[in-house]
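Remarks on the overall topology
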Amino acid sequence: MPLQSIAERYADLRSRVPAHVCIVAVSKFHPAASVREALEAGASDFGENYVQEARAKFADPVLADAPIRKHFIGHIQTNKAKAIAQTFDLVQSVDRLEAGEALAKAAKQLGKRLSVLLQINVSPAERFGCPPAQAERLAEALRALDSLNLEGVMAIGPIARERGEIARSFTLAADMFGRIGGTTLSIGMTGDWPQAVEAGSTMIRAGTAIFGPRPARPASKNAVM
Ligand SMILES: *Cc1c(COP(=O)(O)O)cnc(C)c1O
């Protein structure tokens, strides 16, 4: 396969993903320079998994002034809720009431309304995410929190490459999205986005397809947590 630039990869992906589907460029472990390259190529939404890494990266002078939408897609630690609420525009990974309450409290202190998605666990291999059976109750509780806007559902597909299993997981996510409501169904990554789009995805989260293989997680724990 010929080596492609980030701009070429982004343009190629954008041309294949239907126009109504938002592409979140997942930049974890990639440097600010790579994010700037994707930005120049037209990307406007960026996803990060670790608060400290994201804050350092988004402080880049070009990125700090750019009209980008920042998505938090990592596991929410409640002691990081304030930093998450400060840094991000859409928190996709709310999977329990405790996390929602901590974000709501932080958003209130900051005088902002924070957009969130409810992360549902649709795959046994996945550690996080609200069990589907509890998701409607959690959605109701999150909607009762003033400073949060619940905008829909996020899910991570199974690692298995078996098409049937992926399809079942995404159908379950789409089904839960139908029950919970909202405007955003965030499903699909580099390896499975076509199936996610088939299932009704409105937002895919693509890292490798845009930035290429991820570098190893930075050695300094402080740099990424
Ligand atoms: C890393 C990550 C992605 C991007 O994965 P790729 O396979 O590189 O596209 C998407 N969603 C979440 C939650 C992630 O942690």
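Higher on the page you've got the structure.
Criteria and cut-off values
Residues numbered from 1 in each chain as written. Predicted model: local features only at pLDDT ≥ 70, side-chain atom pairs only at ≥ 80, totals over all residues. Heavy atoms only, no water. Helix = DSSP H or I, 4+ residues; strand = E, 2+ residues; numbered from the N terminus. Buried < 20%, exposed > 50% of the residue type's maximum accessible area, 1.4 Å probe, protein only. Areas by Shrake-Rupley, 256 points an atom, 1.4 Å probe, with all protein chains shown as cover. Lys, Arg positive; Asp, Glu negative; His and termini not counted. Charge placed at Lys NZ, Arg CZ, Asp CG, Glu CD. Pairing = 2+ DSSP bridges. Salt bridge = Lys/Arg side-chain N within 4 Å of Asp/Glu carboxyl O. Contact = heavy atoms within 4.5 Å. Phe/Tyr/Trp six-rings, centres within 6.5 Å; stacked < 30°, edge-to-face > 60°. Near = heavy atom within 4 Å. Polar contact = N/O pair within 3.5 Å; in protein donor to acceptor, adjacent residues only side chain to side chain. Nonpolar A, V, L, I, M, F, W, Y, C, P; charged D, E, K, R; others polar. Axes fitted to C-alpha atoms, helices over the stretch in contact; angles between N-to-C directions. Left-handed = near helix turned anticlockwise from the far one by under 90°.

Regarding its fold elements, the protein chain presents eleven helices and eight strands. Projected onto the principal axes, the alpha-carbon positions of the protein chain cover approximately 50 × 45 × 30 Å. Counting the 225 residues in the protein chain, one finds 51% classified as buried. Element-wise, carbon and sulfur atoms account for 53% of the exposed surface of the protein chain, whose accessible area totals about 10500 Å². In the protein chain, 27 side chains carry a positive charge and 23 a negative one; their mean positions are 4 Å apart.

Moving on to the pairing of strand β5 (residues 114-120). Taken across its seven residues, β5 has seven buried, putting it largely inside the fold. Neither face of β5 is left uncovered, since the one carrying Leu 114, Val 116, Leu 118 and Ile 120 and the one carrying Ser 115, Leu 117 and Gln 119 both have all their residues buried. Pairing analysis gives three bridges linking strand β4 (residues 90-94) to β5, with the strands arranged parallel. By the bridge assignment, Val 94 is partnered in β5 with Leu 118.

A word on the pattern of salt bridges. Per the stated rule, a full pass over the model turns up eleven salt bridges. With a shortest N-O distance of 3.4 Å, Arg 16 and Asp 12 are connected by a salt bridge. Placement of both Arg 16 and Asp 12 in helix α1 (residues 6-16) is noted, with a separation of four residues, approximately one turn of the helix. Classification of Asp 12 by relative accessible area gives partly exposed; the value is 33%. Close ionic contact of Glu 98 with Arg 96 constitutes a salt bridge, the shortest N to O distance being 3.4 Å. You can call Arg 96 partly exposed: its relative accessible area is 24%. Here the salt bridges do not stand alone but share partners, grouping Asp 45, Arg 69 and Glu 151 into one network.

Here we come to the side chain of Lys 70. Following the sequence through the fold, Lys 70 ends up in strand β3 (residues 69-72). We note that Lys 70 is buried and unpaired, the nearest opposite charge coming from Asp 89 at a distance of 5.0 Å. With near-sequence residues (within four places) excluded, Lys 70 lies in contact with Phe 46, Phe 58, Thr 87, Phe 88, Asp 89 and Leu 90.

Looking now at the packing of aromatic side chains. In this structure the tally under the stated criterion is three aromatic pairs. Note on Phe 58 and Phe 88: the rings are 6.4 Å apart at their centroids and 80° apart in plane angle, and the pair reads as edge-to-face. On the criterion of sequence distance, the pair formed by Phe 58 in helix α3 (residues 51-58) and Phe 88 in the loop between α5 (81-87) and β4 is long-range, its members being 30 residues apart. Accessibility classification places Phe 58 together with Phe 88 in one group, the buried group.

On to the site of the ligand, then. If you check the shell around the ligand, you find Val 26, Lys 28, Asn 49, Ile 73, Ile 156, Met 189, Thr 190, Arg 205, Ala 206, Gly 207, Thr 208 and Arg 214 and nothing else. In the environment of the ligand, an oxygen atom lies 2.6 Å from a nitrogen or oxygen atom belonging to the side chain of Thr 208. Protein coverage of the free-state accessible area of the ligand, which is 390 Å², stands at 89%. Partitioned by chemical class, the residues of the shell around the ligand number five nonpolar, four polar and three charged.

A pair of packed helices is captured by two measures, namely the crossing angle of their axes and the spacing between those axes. The geometry of helix α7 (residues 132-143) relative to helix α8 (residues 163-180) is characterised by a closest axis approach of 10 Å and an angle of 35° between their N-to-C directions. Every pair of crossing elements has a handedness; the one defined by α7 and α8 is right-handed. Contacts between α7 and α8 pair Pro 132, Ala 135, Glu 136, Ala 139 and Arg 143 from the former with Leu 172, Met 176, Arg 179 and Ile 180 from the latter. Taken together, the residues that form the contact of α7 with α8 break down as six nonpolar, no polar and three charged.

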